[in-house]
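Breakdown of the fold
What follows is the residue order along each chain.
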Amino acid sequence: MKRIAIFVASALVTMGAVQAQEDAASMDDLLNQIERGQARDSQEAREREARFAQARNQQQNLLNQARAERSRQENTSARLEGLF
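Notes on the structure in this doc start here. The structure displayed is predicted, hence computed values, not measured ones.

1. Some thoughts on the overall build of the protein
Within the protein, the regular secondary structure consists of one helix and zero strands. For the protein, with 84 residues in total, the buried portion stands at 1%. For the protein, the computed accessible surface area is about 7700 Å², with 57% contributed by carbon and sulfur atoms.

Have a look at this one:
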């Protein structure tokens, strides 16, 4: 009877150690997944910021072109008014 109790106790301890190792492995896996997720999020943020900067630059270029066109049209208008 004592041997059975010792056997059961040692089996439980062994299972607990195995489970602890599995938990540690899954905790490491979880940590790795979190780190990969953060790296992916950082990459996505950089890409989003690059797209934003590109759109901002494009809008600034369009604004500059519109201002230049307006100035050209005003100069043409002033020149034509001077003729008549």
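Continuing now.
2. Digging into a nonpolar patch on the surface
A surface patch of nonpolar side chains, amounting to about 280 Å² of accessible area, comprises Met27, Leu30 and Ile34. With respect to the element layout, Leu30 can be found in helix H1 (residues 2-83). Exposure remark for Leu30: the relative accessible area of 41% places this residue in the partly exposed category.

3. Focus: the pattern of salt bridges
Under the criterion given, the structure shown has three salt bridges. Put simply, Asp41 and Arg40 hold a salt bridge, and the shortest N to O gap is 3.7 Å. For Arg72, the salt bridge goes to Glu69, with nearest N and O atoms at 2.7 Å. Taken together, the residues span about one helical turn, with Arg72 and Glu69 both in helix H1 at a distance of three residues. On the accessibility criterion, Arg72 (46% relative accessible area) is partly exposed. Under the relative-accessibility criterion, Glu69 is labelled partly exposed at 35%.

What counts and what doesn't
- Residues numbered from 1 in each chain as written.
- Predicted model: local features only at pLDDT ≥ 70, side-chain atom pairs only at ≥ 80, totals over all residues.
- Heavy atoms only, no water.
- Helix = DSSP H or I, 4+ residues; strand = E, 2+ residues; numbered from the N terminus.
- Buried < 20%, exposed > 50% of the residue type's maximum accessible area, 1.4 Å probe, protein only.
- Areas by Shrake-Rupley, 256 points an atom, 1.4 Å probe, with all protein chains shown as cover.
- Patch = residues over 30% accessible without salt bridge, like charges linked within 9 Å, V, L, I, M, F, W, Y side chains within 5 Å.
- Salt bridge = Lys/Arg side-chain N within 4 Å of Asp/Glu carboxyl O.

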